[in-house]
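# Report on the structure
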Amino acid sequence: MYVYVYIYCINTYFSACIPTLCVSSCFAHAAVYPYTHIHTCTHTALSGGPASGPGRAASPWQGRAASPWQRPARLRASLPVRRRPGRAGGQVRAGRFVGARGGGSVCLSSMACNQTENVIKKIVREIGQECAAQGQTVSETLVAFMVKAIVLDPRNDFNVDQILMEKDVQNLIQLCVTRLLDTTNPSLSTIKMQVYFDMNYTNRAELLREQHRVLEGRLARVLREITDSHPRVQEEMENVYRKIVSYVLLSSGLGPPTDIQVVREVTAALQSVFPQTEMNTFISLSKKNKEQQLKNLAMLVTGIRLYNKECGKGGSSIDDLPAILNEAIPSATQTLDEGLNTCQARAHQYTALLESMQEDQDRCTQLSSFKLKAALFNVRQYEAFLCILLSDAITSAQEVEKMNVQFAATMEQLKNTVQNKVSVDTNEVFPLFIALSNLWTGFQDETLLLRFLTNMTNNLQQFSEIQSQLFPEDVLSSLLEGMTVKSDEERIRETKGTRVNVSDFENQEWLFPETIDNFDQLLIQYHSFCAHAIGVKGLTLPGNPAIGILKHRERCYVFSSKEAAYLFAQDPDKFIQLNVEKAKEYSELIQLLELRHQFEDLVSYAQAGNAVKFLMKTTIKCDSSTQTDTHILPPTIVTSYEWNEWELRRKAIKLANLRCKLTHAMQTELSHMRRENSTQVYLPKDVGTQTKRDSSTNIPRPQIFLEGLRGGSSPTTHMVKVDLTRAVDET
């Protein structure tokens, strides 16, 4: 049987690097180029019978007629239709194999995908079995990445248009096994470290979300038994109440559930807020309300038990989490700091040795430059992971410190509220109990996070032991004698005050602290290492942003010196490609330097899920068809609907029955020959004036007296008028 595999490449990165995209096996193509549409055409039924050919003696597929290794398979790419010049004379058109003899056609798209997946599984399984036979257990994800690394490495000579024979498959498998069994290679340890970290590390939010989901899953059965029960007799009521006690105890996580003393404390606290006499009311609630009520009861009981522990009235089985965290977090932070300082010192030593070897080729001839660089990349990756864990530990310390203050304040407020009162208003104390419970849940979460960080730190340490055994401290000390070992901080200080001259570059954009906001938050490529030193020297030198950040094709690059910045800026694409080639040689650099965008077919280990998904991606294009029902919803036809306006008028006249009505009209004198008018006026503005000064005058008050008006002894009246008004000038 012949197996013809045709690859239709869809926009892969390697089409820009390799003239013709064609590697020596369907497995290699699926491993390196998962963005491909694979059609496997089995020439058996259409060509007149199975092909003959010798099978592999030690092959796990020996004796099977459909063995993909019994005949060579030629892989071609970038051709929508490719004719196979073979004995059968068949051809492939749009995923169909048309036989020369049969005259019919068979669609093999889905079968091709299944066959390719089966081939990958078998090869991955064979590599794993051979490693296990040598005493080395490896995961499928590690095997898949190692296959990709071998295919990417140009030293392995997986050429274009290579016909895959059985020996080629064995060569690929042997290279994988050799790399996986080389326990003295720091590169393998780095890849294992990356696989372990990607598969096990998760951030705070995701870890806590998963922990709460697991806890809810454990409580789901008890919760379902409580909410679905409908007790009618007293014995059934008591049984449900005991389940509520178990739910509250398991939900709080305070003390072992098998301890009788703990069960009694929980029962007493529950009865103080939810006596058994309230069971009838609880049973009458809906399922959703029951679940919410149980959660509230669990938080109230937890708060009551914590308050009793503070008052010395119980809670002996409750661990003092604040004290434990206050002691454990500094210890974990110190361990991370020590590990970080150690690996940084190692990185500085390896960098100094590599620089001296590049300057003087005859120096340190007993050292392997390849393994020394692999050791440098190992400690740099270890340093990056420790920085992530240290950041999480610092965040945990800040959260614990904040919760300690809140817990002490809430407990003090609760003591002042309760004091020695016989009865307390529930509206006052219940929110405080719930607040205590939530804070204690936060302490439990931080304990879980601290345990997770400690385990990650301890497990990562084993992946850094190979480089320390390969280059012991005494050997490094003797080799570094007379050399100056510079730290990353010292290298940055040496270039302080130097920056590129923007006028020297016409079409390049340079960023500086004074020219852009949030300068420190820019996303720097290559993990902030010098973009020039990686591909040229194979070193991970720290970049100094103060020299200037080059923005090229919407990506930012930093450099370790002004000279390196000038060289890189002359032809950025050239040095970017050199960095890609260096990453092909040292595959651990893909993750260390964050180069996944340069290798679009690579996905993270955690996203892959398994080896087959890691090596293959589903085809981008597929045949599909859809059909929409004429009437999805039930028919809602309104028979009285009319679209004709005149028909609607006819119906309106019919309803009005105007034949039996009279039309009256009236016109008043005021409305005769008039129309509605409206006017608008502008209201006068309030205007005021003010004089220059205020003045007043005062006139004399007139004082006039009349005498003789009443008459006298004489018959004639004589009136005398006396004016006593003062003159104006006298006032």
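Attention here is on the structure that accompanies the text. Not measured: the values here are computed from a predicted model.

## Section: the overall build of the protein
Each helix and strand counted, the protein has 23 helices and twelve strands in total. Evaluated residue by residue, the protein yields a buried proportion of 42% over its 731 residues. Of the roughly 43200 Å² that the protein leaves accessible, carbon and sulfur atoms contribute 50%.

## Concerning the packing of aromatic side chains
Evaluation of the coordinates by the stated rule reveals 20 aromatic pairs. Ring geometry for Phe407 versus Trp440: centroids 5.8 Å apart, planes at 45°, classification tilted. Taken together, the positions of Phe407 in helix α12 (residues 369–418) and Trp440 in helix α13 (residues 426–461) put the pair 33 residues apart, joining distant regions of the chain. Accessibility classification places Phe407 together with Trp440 in one group, the buried group. Relative to Tyr566, the ring of Phe505 has its centre 4.9 Å away and its plane inclined at 50°; by these criteria the two rings are tilted. Here the residue Phe505 occupies a position in the loop between α16 (488–494) and β8 (509–511), and Tyr566 occupies one in helix α18 (residues 562–570), the gap between them amounting to 61 residues. Under the relative-accessibility criterion, Phe505 is labelled buried at 11%. Aromatic rings pair up to connect Phe505, Trp510, Tyr526, Tyr557, Phe559, Tyr566, Phe568 and Phe575 into one cluster.

## As for the layout of surface pockets
As a volume, the largest pocket reaches approximately 1100 Å³. Forming the walls of the largest pocket are 32 residues, and the residues nearest its centre are Leu215, Ser251, Ser252, Thr441 and Gln444. When residues of the lining of the largest pocket are assigned to their parent elements, the largest contribution, nine residues, is made by α13. Residue classes in the lining of the largest pocket are distributed as 13 nonpolar, 13 polar and six charged.

## Quick look at the pattern of salt bridges
Inspection of the entire model under this criterion finds 23 salt bridges. Glu473 is paired through a salt bridge with Arg346; the nearest N and O atoms lie 3.5 Å apart. Highlighted residues: Glu473 in helix α15 (residues 473–479) and Arg346 in helix α11 (residues 321–359), separated in sequence by 127 residues. Note that Arg650 and Glu647 form a salt bridge whose closest N and O atoms lie 2.6 Å from each other. On the criterion of helical spacing, the pair formed by Arg650 and Glu647 is a turn pair, its members being three residues apart in helix α23 (residues 645–656). Taking relative accessible area as the criterion, Arg650 reaches 44% and is therefore assigned partly exposed. Ionic contacts of the salt-bridge type, sharing partners, join the residues Arg221, Glu225 and Lys243 into one network.

## Some words on the packing of helix α6 (residues 204–227) against α13
At a minimum axis distance of 11 Å, the contact between α6 and α13 shows a crossing angle of 115°. In terms of axis orientation, α6 runs roughly perpendicular to α13. As α6 runs across α13, the sense of the crossing is right-handed. Facing Arg204, Leu207, Leu208, Gln211 and His212 of α6, the residues of α13 in contact are Asp445, Glu446, Leu448, Leu449 and Phe452. Partitioning the contact of α6 with α13 into residue classes produces five nonpolar, two polar and three charged.

## Side note on helix α7 (residues 234–252)
Between the first and last C-alpha of α7 there are 27 Å, a value that for 19 residues agrees with the 27 Å anticipated at 1.5 Å per step. Listed as buried for α7 are Met237, Val240, Tyr241, Ile244, Val245, Tyr247, Val248, Leu249 and Ser252. Its buried side turned inward, α7 meets α6, α8 (260–273), α9 (279–283), α10 (287–311) and α13. Gly253 lies just past α7 and shows a positive phi near 70°.

## Considerations on empty space enclosed by the protein
Summed over the entire model, instances satisfying the criterion amount to five cavities of 30 Å³ or more. The calculated volume of the second largest cavity comes to roughly 40 Å³. Residue lining of the second largest cavity: Tyr201, Thr202, Asn203, Arg204, Asp392, Ser396, Leu449, Phe452 and Leu453, and that is the complete set. Examining the composition of the lining of the second largest cavity, we find that three residues originate from one element, α13, more than from any other. Its residues assigned to classes, the lining of the second largest cavity shows four nonpolar, three polar and two charged.

## Looking at the environment of Arg555
Positionally, Arg555 belongs in strand β10 (residues 555–557). Separated by 33 residues in the primary sequence, Arg555 and Leu522 have C-alpha atoms spaced 9.6 Å apart. Once residues lying within four places of it in the same chain are set aside, the contact partners of Arg555 are Gln525, Leu550 and His597.

## Observations concerning unusual backbone geometry
A positive phi is found at Tyr526, a non-glycine position, where the angle reads about 60°. With respect to the secondary-structure elements, Tyr526 resides in the loop between β8 and α17 (531–537). The phi angle at Glu554 is positive, at roughly 65°, despite the residue not being glycine. With respect to the helices and strands, the residue Glu554 is situated in the loop between β9 (549–552) and β10.

## Some points on the sheet that holds β9
Strand-to-strand pairing in sheets goes through backbone hydrogen bonds, with the strands running parallel or antiparallel. What the three strands build is an open sheet, ordered β8-β9-β10; its pairing is antiparallel. Edge strands, defined here as strands with exactly one partner in the open sheet, are β8 and β10. Mean inter-strand twist for the sheet, computed between neighbouring axes without regard to direction, equals 35°. Across three bridges, the pairing between β8 and β9 is antiparallel. Residue pairing in the sheet places Leu511 in a bridge with Ile549 of β9.

## A closer look at the nonpolar core
Grouped together as the largest cluster of nonpolar side chains are 71 residues, with contacts concentrated most on Leu460, Trp510 and Phe559. In terms of residue count, α12 provides more of this core than any other element does, eleven residues in total. Discounting chain neighbours no more than four positions away, the residues touching Phe559 are Trp510, Cys530, Ala531, His532, Gly543, Asn544, Ile547, Gly548, Leu550, Ala564, Ala565 and Phe568. Grouped together as the second largest cluster of nonpolar side chains are 48 residues, Val240, Leu254, Ala269 and Val400 included.

## Some points on the packing of helix α5 (residues 186–200) against α13
Angle between the axes and distance between the axes: these two values describe a pair of packed helices. Look at α5 against α13: their axes get within 11 Å of each other, and the N-to-C directions meet at 165°. Our classification of the angle between α5 and α13 gives roughly antiparallel. When you trace α5 past α13, the crossing you get is right-handed. The residues of α13 that touch α5, namely those facing Met193, Tyr196, Phe197 and Asn200, are Phe452, Asn455, Met456, Asn459 and Leu460.

## Looking at the environment of Gln413
Note that Gln413 resides in helix α12. Considering only alpha carbons, one finds Gln413 and Val429, 16 residues apart in sequence, at a separation of 9.4 Å.

Definitions and limits used
- Residues numbered from 1 in each chain as written.
- Predicted model: local features only at pLDDT ≥ 70, side-chain atom pairs only at ≥ 80, totals over all residues.
- Heavy atoms only, no water.
- Helix = DSSP H or I, 4+ residues; strand = E, 2+ residues; numbered from the N terminus.
- Buried < 20%, exposed > 50% of the residue type's maximum accessible area, 1.4 Å probe, protein only.
- Areas by Shrake-Rupley, 256 points an atom, 1.4 Å probe, with all protein chains shown as cover.
- Phe/Tyr/Trp six-rings, centres within 6.5 Å; stacked < 30°, edge-to-face > 60°.
- 1 Å grid on protein atoms, 1.4 Å probe; cavity = no way out; pocket = protein on both sides within 12 Å on 5 of 7 lines; lining within 4 Å.
- Points joined across faces, edges and corners; volume = space filled by probe spheres on them.
- Nonpolar A, V, L, I, M, F, W, Y, C, P; charged D, E, K, R; others polar.
- Salt bridge = Lys/Arg side-chain N within 4 Å of Asp/Glu carboxyl O.
- Axes fitted to C-alpha atoms, helices over the stretch in contact; angles between N-to-C directions.
- Parallel < 35°, antiparallel > 145°, perpendicular 65-115°, else oblique.
- Left-handed = near helix turned anticlockwise from the far one by under 90°.
- Contact = heavy atoms within 4.5 Å.
- Expected span 1.5 Å × (residues − 1).
- Pairing = 2+ DSSP bridges.
- Core = buried A, V, L, I, M, F, W, Y, C linked by side-chain atoms within 4.5 Å.

Nothing here speaks to function; it is all geometry.
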